[in-house]
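Structural overview for review
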Amino acid sequence: MKPKILVTREIFDDVLDDLALHFAVSANQADTPMDPPTLARNLADKAGVMTTLVDRVDAALLSACPRLKAVCNIAVGYNNIDLEACSRAGVMVTNTPGVLDDSTADFTWALILATARRVVESDAHLRSGGWKGWYLKQFLGNDVHHATLGILGFGRIGRKVARRASGFDMTVLYNSTRRADSAVERACNASFVSREELLTRSDILTLHLPYSPSTHHVIGGPELVGMKAGAILINAARGGVVDDAALVEALKSGRLAGAGLDVFENEPALNPALIALQNVVLTPHIASSSAATRHAMAMLAAQNLVAALTTGKPPNLLNP
């Protein structure tokens, strides 16, 4: 008898076909979000599950699912999963690193350019019938070329963002928990600086950090005050690394010229004050959402699950 698994949200048909070769699959192709009791009920007799960032896996869920052996997240982040609780319960946890790095770096640049050059704001102005003709000071934005780009978090995605900056002849600064080796710095044309210097010198500050208790509100009120006046903040990393309420005040006051945000605290219930601001670009957590990348993420999660429940050695194990 094939092991039973659950796929919590809609995925690609060919990925389901591959899973069906190995498992008895229960798939939520209707894409109806499951609240915690519904998830627990559907997962009670399953050996494995493919989850997304909206599925909370914690000690309470695990206690209701004694047969569970593997949780395979279709994401590089895993702050929806209590890793320690899974380890105590003997449940393997995997993620999907690497396959989304380029798409996320591309999208970071989409946010940078759209925010700096006021693309969304001017698009709305034109569509509403407000455009009456060209004039000199119309929608003045910030230049990206020759500006200073600051990168907070210099992992795989942060480095790819830095490489893309070379086409704009930018000065690239970064800060991270670990300094990259000199070869990486040369390849990315990036210089390591202190957190304080990163804030004060960056014309555009982009965040590429995982969310954890140690990174909660890493950009809060004091940091926003410490940023260069007229700078732009970009967050395509995780909600919670920025204090959204403090960011609203910095944008309202004109301390910051703008912000481009793909992630939010308590998403999808983002701070309503952000919606009223014209100097912020808002997108619904889609930085990795190209067809090829999202398919690769789902396929990698499936491969992790097959390996976890057959060999016990999935390639992207987070809690060995």
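Here, the structure is the one placed above.
First, a word on what this report is: a plain description of the structure on this page. Just so you know, these numbers come straight off a predicted model, no measurement behind them.

Brief notes about the packing of helix α5 (residues 101–116) against helix α7 (residues 156–164)
Contact geometry of α5 with α7 gives a least axis separation of 9 Å together with a crossing angle of 50 degrees. With respect to α7, the element α5 is oriented oblique. Remark: the crossing between α5 and α7 carries right-handed chirality. Contact residues: α5 offers Asp-101, Asp-102, Thr-104, Ala-105, Asp-106, Thr-108 and Trp-109, while α7 offers Arg-156, Ile-157, Lys-160, Val-161 and Arg-164. Of the residues assigned to the contact of α5 with α7, the class counts are four nonpolar, two polar and six charged.

Things to note about the sheet that holds strand β2 (residues 24–27)
Pairing is parallel across the open sheet formed by five strands, whose spatial order is β2-β1-β3-β4-β5. Of all the strands in the sheet, the pair left with one neighbour each is β2 and β5 (92–94). Put simply, the sheet's adjacent strands are angled 15 degrees from each other on average, direction ignored. Two strands pair when backbone bridges link them, and strand β3 (residues 48–51) and strand β4 (residues 70–73) are joined in this way by four bridges, in the parallel orientation. Bridge pairing in β4 places Met-50 opposite Cys-72.

Digging into the pairing of strand β7 (residues 171–175)
Most of β7 sits inside the fold, with four of its five residues counted as buried. Inspection of the sheet shows strand β6 (residues 148–152) paired to β7 by five bridges, in the parallel sense. Considered in β7, the bridge of Thr-148 is made with Thr-171. In terms of handedness, the path from β6 via α7 over to β7 forms a crossover that is right-handed. Alignment of β7 against strand β8 (residues 190–192), held across three bridges, turns out to be parallel. Across the sheet, the residue bridging to Val-172 is Ala-190, located in β8. Crossover β7 to β8 through helix α8 (residues 182–188) is right-handed.

Conventions used here
Residues numbered from 1 in each chain as written. Predicted model: local features only at pLDDT ≥ 70, side-chain atom pairs only at ≥ 80, totals over all residues. Heavy atoms only, no water. Axes fitted to C-alpha atoms, helices over the stretch in contact; angles between N-to-C directions. Helix = DSSP H or I, 4+ residues; strand = E, 2+ residues; numbered from the N terminus. Parallel < 35°, antiparallel > 145°, perpendicular 65-115°, else oblique. Left-handed = near helix turned anticlockwise from the far one by under 90°. Contact = heavy atoms within 4.5 Å. Nonpolar A, V, L, I, M, F, W, Y, C, P; charged D, E, K, R; others polar. Pairing = 2+ DSSP bridges. Buried < 20%, exposed > 50% of the residue type's maximum accessible area, 1.4 Å probe, protein only. Right-handed = clockwise from strand over helix to strand, strands pointing away.

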